[in-house]
Amino acid sequence: QNGKIFIQDLSGSLVVKDVEFRYSSDGPDVLKRISFTVKPGEVVAIVGSSGSGKTTISRLLDRSYTGYRGSITINDVELREIALPRLRKHISSVRQDIQIFSETIQFNVDLDNVTVTEKERIEAIEATYADRFINRLGWKHPLSVNGGDLSVGEGQLLTFARMMAHTPDIVILDEATASVDSITEGLIQEAIGRILEQKTVIVIAHRLSTIKRADRIIVLEKGEIVEQGTHHELLLKEGRYSQLVHSA
């Protein structure tokens, strides 16, 4: 189900229109008539209680899941028509389950991709504060499986650096951070802030501090969009978003 179209750049919007999705052909729809647009440079937060469909949307956008009904287009090209390697170059996901390879730190940042330049690598670790520990350990430092010799927070910063080094146009950020010490947590929030400033971001948001910075917030409930707007607009509505904020 891999498309053939190679798009060169993502100058246009990501448009999700009337998307519906079910995990099995005879199962219920877990997403119902989902429609929204993300313009270049925008930060869009998707919020909702557990099981509302947030992560399912993010996995459709990077084609971890296929088989949706409706339309998802980038630059007016249907997502399923885009060659998967090209799509993954333009859209990068950072998820809660951090993936660290038992290779050197350098391999873990550039994934042996010869097109990642030294300049991009260094800019990526500085932008995400991963330089704090990489400069101490060195690029050739071998990591154990799942980064056992890094703290959880350092592993998170390393995955941010990997994503930035590959210069995607759109970042999908599943922003739940595991329990880390307060200093590292501060760095992670600063790194997320820099990503929000520099990229088009769709963030599956768990933290109010990140949600407030979004240009638009999409509120999901049982697979449907029930509200859209800014933090202040949605608080004034005193609807589902307001409930989520006050119960946090």
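So, how was this worked out
- Residues numbered from 1 in each chain as written.
- Predicted model: local features only at pLDDT ≥ 70, side-chain atom pairs only at ≥ 80, totals over all residues.
- Heavy atoms only, no water.
- Helix = DSSP H or I, 4+ residues; strand = E, 2+ residues; numbered from the N terminus.
- Buried < 20%, exposed > 50% of the residue type's maximum accessible area, 1.4 Å probe, protein only.
- Pairing = 2+ DSSP bridges.
- Core = buried A, V, L, I, M, F, W, Y, C linked by side-chain atoms within 4.5 Å.
- 1 Å grid on protein atoms, 1.4 Å probe; cavity = no way out; pocket = protein on both sides within 12 Å on 5 of 7 lines; lining within 4 Å.
- Points joined across faces, edges and corners; volume = space filled by probe spheres on them.
- Nonpolar A, V, L, I, M, F, W, Y, C, P; charged D, E, K, R; others polar.
- Lys, Arg positive; Asp, Glu negative; His and termini not counted.
- Salt bridge = Lys/Arg side-chain N within 4 Å of Asp/Glu carboxyl O.
- Contact = heavy atoms within 4.5 Å.
- Phe/Tyr/Trp six-rings, centres within 6.5 Å; stacked < 30°, edge-to-face > 60°.
- Axes fitted to C-alpha atoms, helices over the stretch in contact; angles between N-to-C directions.
- Parallel < 35°, antiparallel > 145°, perpendicular 65-115°, else oblique.
- Left-handed = near helix turned anticlockwise from the far one by under 90°.

Most peptide bonds are trans, and most residues other than glycine sit at a negative phi. Phi is positive for asparagine 75, close to 55°, though the residue is something other than glycine. Tracing the backbone shows asparagine 75 in the loop between β4 (69-74) and β5 (77-78). Relative accessible area serves as the criterion here: at 23%, asparagine 75 is assigned to the partly exposed category.

Let's shift gears to the sheet that holds β4. Spatially, the four strands line up as an open sheet ordered β2-β1-β4-β5, and their pairing is antiparallel. Of all the strands in the sheet, the pair left with one neighbour each is β2 (31-38) and β5. Two strands pair when backbone bridges link them, and strand β1 (residues 14-21) and β4 are joined in this way by five bridges, in the antiparallel orientation. Within the sheet, the bridge partner assigned to glutamate 20 lies in β4 and is arginine 69.

The biggest cluster of nonpolar side chains holds 44 residues, and the ones touching the most others in it are Leu158, Phe160 and Ile217. Ranked by residues supplied to this core, first place goes to helix α6 (residues 152-165) with seven residues.

Bringing empty space enclosed by the protein into the picture now. For the coordinates displayed, the defined rule picks out two cavities of 30 Å³ or more. If you add up the space inside the largest cavity, you get close to 40 Å³. Along the walls of the largest cavity sit Val16, Val19, Leu31, Ile34, Phe36, Ile57, Leu60, Leu61 and Ile72, which together make up its complete lining. Sorting the residues of the lining of the largest cavity by element identifies β1, β2 and α1 (54-61) as the ones contributing at least two each. For the lining of the largest cavity, a count of residues per class yields nine nonpolar, no polar and no charged.

On to the side chain of aspartate 131. With respect to the secondary-structure elements, aspartate 131 resides in helix α5 (residues 131-137). In this structure, aspartate 131 is buried with no salt-bridge partner, the nearest side chain bearing the opposite charge being arginine 132 at 4.5 Å. Dropping the residues within four chain positions of it, aspartate 131 is found in contact with Ile125 and Glu126.

Another point: α1. Within α1, six of the eight residues are buried, leaving the element largely enclosed by the surrounding structure. Looking one or two residues beyond α1, the residue adopting positive phi is arginine 63, at roughly 65°.

This paragraph deals with the packing of aromatic side chains. Scanning all chains against the criterion turns up four aromatic pairs. Between tyrosine 23 and tyrosine 65, the ring centres sit 5.8 Å apart and the planes meet at 90°, which makes this aromatic pair edge-to-face. Here tyrosine 65 lies in the loop between α1 and β4 and tyrosine 23 lies in the loop between β1 and β2, a separation of 42 residues in the sequence. Classification of tyrosine 65 by relative accessible area gives partly exposed; the value is 28%. Summarising the aromatic geometry, the rings of phenylalanine 101 and phenylalanine 107 are spaced 6.0 Å apart at their centres and angled 85° between planes, so their arrangement reads as edge-to-face. Residue phenylalanine 101 is classed as partly exposed on the basis of its relative accessible area, which comes to 29%. Among the aromatic residues, those joined into a ring-pair cluster are Phe21, Tyr23 and Tyr65.

For the rest of this paragraph, the subject is the packing of α6 against helix α7 (residues 182-198). The interhelical angle for the contact between α6 and α7, taken along N-to-C directions, is 15°, at an axis separation of 9 Å. If you check the angle between α6 and α7, you find them roughly parallel. Between α6 and α7 lies a crossing whose hand is left-handed. Of α7, the residues touching α6 (which contributes Gly153, Glu154, Gln156, Leu157, Phe160, Met163 and Met164) are Thr184, Leu187, Ile188, Ala191, Ile192, Ile195 and Gln198. Grouping the constituent residues of the contact of α6 with α7 by class yields nine nonpolar, four polar and one charged.

These results come straight from atomic positions and should not be treated as a statement about function.
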